[in-house]
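# Coordinate inspection notes
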Amino acid sequence: MLVQFGESRLELAQGDITTQQVDAIVNAANSGLHGGGGVDGAIHRAAGPELMQETDRVYPDGCPTGEAVATAAYGLPAKFVFHAVGPIWRGGGQNEADLLGSAYCRCLELAVQHNCRSIAFPAISTGVYGYPIDLAAETSLAVVRDFLQEQGRPELVRFVLFSGGSYGAFARVLELMAN
Ligand code: ADP
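I will try to describe carefully the structure that is included in this document.

Calculation notes
- Residues numbered from 1 in each chain as written.
- Predicted model: local features only at pLDDT ≥ 70, side-chain atom pairs only at ≥ 80, totals over all residues.
- Heavy atoms only, no water.
- Helix = DSSP H or I, 4+ residues; strand = E, 2+ residues; numbered from the N terminus.
- Contact = heavy atoms within 4.5 Å.
- Near = heavy atom within 4 Å.
- Polar contact = N/O pair within 3.5 Å; in protein donor to acceptor, adjacent residues only side chain to side chain.
- Areas by Shrake-Rupley, 256 points an atom, 1.4 Å probe, with all protein chains shown as cover.
- 1 Å grid on protein atoms, 1.4 Å probe; cavity = no way out; pocket = protein on both sides within 12 Å on 5 of 7 lines; lining within 4 Å.
- Sits in = over half its atoms within 2 Å of the grid points.
- Nonpolar A, V, L, I, M, F, W, Y, C, P; charged D, E, K, R; others polar.
- Pairing = 2+ DSSP bridges.
- Axes fitted to C-alpha atoms, helices over the stretch in contact; angles between N-to-C directions.
- Salt bridge = Lys/Arg side-chain N within 4 Å of Asp/Glu carboxyl O.
- Buried < 20%, exposed > 50% of the residue type's maximum accessible area, 1.4 Å probe, protein only.

### Thoughts on the side chain of S166
Positionally, S166 belongs in helix α5 (residues 164–178). Leave out the neighbours within four places in its chain, and S166 touches I133 and L161.

Dropping the structure here:
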């Protein structure tokens, strides 16, 4: 699914983020940047051990929730990995939506700073961190839409959803947004 916002395209795809041919891919990291399961594990496996060596060396204190940091992408087809730390879902009253939105926004700012024309996101926080997929889709897509409408870049933002269920949830929200 594809929607145009000004000069930029917002795309939804189902698949594996590690194979994406884009300038930057986003990792759903934890605040220690120590790696883990899910998309984090897949990205580290595909990138190789240099990725962890760089996060350990450059970001020994990790990254706060709602923020993101950039590294090289090593064995991945992308040029950069942006390690974003989304919130753990605690019922919705702990500022989760703002923190999730801020993690996406920081990645988009990093994309602009690093002259990235294209960026791919996973559905941050919707795995082990337990964020309900429909609510995550609303917040994530709204933040990206607003950024593209205000900044006019990057040229392409692609959400790479791992399961059919998460693709469907994002597609339903994006369809409402586009109409
Ligand atoms: P978090 O701790 O932020 O919840 P997870 O990695 O557990 O991070 O899950 C985030 C989302 O990434 C989930 O929707 C999960 O299905 C998805 N995911 C897992 N592996 C991949 C992958 N290789 N590519 C894209 N998305 C993935």
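### Some thoughts on the site of the ligand
Neighbouring the ligand are 15 residues; V39, S125, T126, G127 and V128 lie closest to it. One of the backbone N or O atoms of V39 is found 2.9 Å from an oxygen atom in the ligand. Contact between the ligand and G127: an oxygen atom at 2.8 Å from a main-chain N or O atom of the residue. Out of a free accessible area of 560 Å², the ligand has 88% covered by protein chains. Counting atoms within 2 Å of the grid points, the majority share of the ligand lands in the largest pocket. Per element, the largest residue contribution to the shell around the ligand is three residues, and it comes from helix α1 (residues 38–47). Classifying every residue of the shell around the ligand by side-chain character gives nine nonpolar, five polar and one charged.

### What to know about the sheet that holds strand β4 (residues 68–72)
Sheet architecture is open: seven strands sit in the order β1-β2-β7-β6-β3-β5-β4, paired in mixed fashion. The open sheet has two free edges, formed respectively by β1 (2–5) and β4, since each of these has just one partner strand. Looking at each pair of strands side by side, their axes are set apart by 25° on average, direction ignored. Contacting β3 (24–29) and β5 (80–85), α1 crosses the sheet at an angle of about 130° to β3. Across the sheet, α5 touches β1, β2 (8–14) and β7 (156–161), and the angle it forms with β2 is around 150°.

### Here's the deal with the pattern of salt bridges
Applying the stated criterion across every chain yields a total of seven salt bridges. R9 is the partner of E11 in a salt bridge, and the nearest nitrogen-oxygen pair spans 3.3 Å. E11 sits in the buried class, given a relative accessible area of 14%. Across the pair E67 and R106 runs a salt bridge whose closest N-O atoms are separated by 3.3 Å. Taken together, the residues span a long stretch of sequence, with E67 in the loop between α2 (50–58) and β4 and R106 in helix α3 (residues 96–113) at a distance of 39 residues. A network of salt bridges, in which partner residues are shared, links R9, E11 and R158.

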